[in-house]
Amino acid sequence: MGYAQLVIGPAGSGKSTYCSSLFQHCETMRRTIHIVNLDPAAENFNYPVAMDIRELISLDDVMEELGLGPNGGLMYCMEHLEENLDDWLTEELDNYLDDDYLVFDCPGQIELFSHVPVLKNFVEHLKRKNFNVCVVYLLDSQVFHDSDVTKFISGCMASLSAMVQLELPHVNILSKVDLVTNKREIEDYLNPEPRVLLSELNQRMAPQFGKLNKALIELVDQYSMVSFVPLDLRKESSVRYVLSQIDNCIQYGEDADVKVKDFGPEDD
């Protein structure tokens, strides 16, 4: 059985930086992971690229030949990937062992994981290849710098949309915590108090949205559908904790053989 992370989130949320830091952390721990680039517009990488969608199709070529803009061109590239799952992707996956660990660095277009079925079909293909897959959804913690509860709810709903679309275990991460000067601004959203959230939401929204606000807060609170894990890339312990949460979701290492050492009489 193989293991995979699908790293998604809005543009600029720190997905590639997360992949780079994760690779460095695993390298230090003498653990092997393979980073896969699924962004046809990417140019520079701070990690070794094991697989690259640009070998199949690139955004620059699509924009030049078809006259499409950046967003339309990227959607065309991802749909082309979907059409080549049984060919290009299968051939690339055959280069890895059954227990290899892949991390897919995805583009930041939100429609890819909200309603367009490209990533859904991509994930189904990985499952058919016997991969356990976990979605890692990154949200920039700096959107909470002014304690705007509406931004928190919007982030929760975007994450929930991806959960419903992809139907996979999710680990939601607040990225760039190391750049936040006042940590208390985000601590309130790691373990939110529903009554406080509802009160702040009602203050910022028009009165006619009262019932909607209550329903949204109940969805976040009572069903525990969305929660966030802070990620501080300056701290190895933070990266290690996030990785442990993801490994637990995909049951990484649970089927590994137990290593037993027999001690001889001369051993202390």
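In case you missed it, the structure is sitting above this.
Chemist: Looking at this structure, I do not really get the pattern of salt bridges. What am I missing?
Modeler: A side chain of one charge can pair with a side chain of the opposite charge if their charged atoms are brought near each other. Per the stated rule, a full pass over the model turns up 8 salt bridges. The salt bridge partner of K120 is E124, with a shortest N-O separation of 3.5 Å. Of the two residues, K120 and E124 are both situated in helix 5 (residues 118-128); the distance of 4 residues between them amounts to about one turn of the helix. For K120, a relative accessible area of 17% corresponds to the buried category. On the basis of relative accessibility, which here comes to 26%, the residue E124 falls in the partly exposed class. Between R234 and D232 there is a salt bridge, and its shortest N-O distance comes to 3.1 Å.

Chemist: What exactly am I supposed to notice about a nonpolar patch on the surface here?
Modeler: Judged by side-chain polarity, L66, L68 and Y76 come together as a nonpolar surface patch covering roughly 250 Å² of accessible area. Mapped onto the fold, L68 is located in the loop between helix 2 (59-66) and helix 3 (70-83). Relative accessible area serves as the criterion here: at 32%, L68 is assigned to the partly exposed category.

Chemist: What is the right way to read the side chain of S58 from this model?
Modeler: Relative to the elements of secondary structure, S58 occurs in the loop between strand 3 (49-52) and helix 2. By relative accessible area, which is 15% here, S58 ends up buried.

Chemist: Which parts of the structure should I look at to understand the pairing of strand 6 (residues 170-175)?
Modeler: The side chains of a regular strand alternate between the sheet's two faces. With 6 of 6 residues buried, strand 6 lies mostly within the body of the structure. Along strand 6, one buried face is formed by H170, N172 and L174 and the opposite face, lined by V171, I173 and S175, is buried too. Taken together, the 6 bridges between strand 5 (residues 131-140) and strand 6 define a ladder with parallel strand orientation. Bridge pairing in strand 6 places V136 opposite V171. Bridge analysis of strand 6 against strand 7 (residues 228-230) gives 3 bridges, and the strand direction is parallel. Within strand 7, the residue paired with L174 across the bridge is P230.

Chemist: Help me out: how do you make sense of the sheet that holds strand 4 (residues 101-105) in this one?
Modeler: Sheets are built from strands paired through backbone hydrogen bonds, the pairs being either parallel or antiparallel. Strand order in this open sheet of 7 strands is 3-2-4-1-5-6-7, and the pairing throughout is parallel. Of all strands in the sheet, those with a lone pairing partner are strand 3 and strand 7, marking the two edges. This sheet shows a mean twist of 30 degrees between the axes of neighbouring strands, independent of strand direction. Sheet topology note: the strand 1 (residues 2-8)/strand 4 ladder contains 5 bridges and is parallel. When the bridges of strand 4 are listed, Q5 appears paired with V103. Running at roughly 165 degrees to strand 3, helix 4 (residues 85-93) makes contact with strand 3, strand 4 and strand 5 of the sheet.

How each quantity is defined
- Residues numbered from 1 in each chain as written.
- Predicted model: local features only at pLDDT ≥ 70, side-chain atom pairs only at ≥ 80, totals over all residues.
- Heavy atoms only, no water.
- Salt bridge = Lys/Arg side-chain N within 4 Å of Asp/Glu carboxyl O.
- Helix = DSSP H or I, 4+ residues; strand = E, 2+ residues; numbered from the N terminus.
- Buried < 20%, exposed > 50% of the residue type's maximum accessible area, 1.4 Å probe, protein only.
- Patch = residues over 30% accessible without salt bridge, like charges linked within 9 Å, V, L, I, M, F, W, Y side chains within 5 Å.
- Areas by Shrake-Rupley, 256 points an atom, 1.4 Å probe, with all protein chains shown as cover.
- Pairing = 2+ DSSP bridges.
- Axes fitted to C-alpha atoms, helices over the stretch in contact; angles between N-to-C directions.
- Contact = heavy atoms within 4.5 Å.

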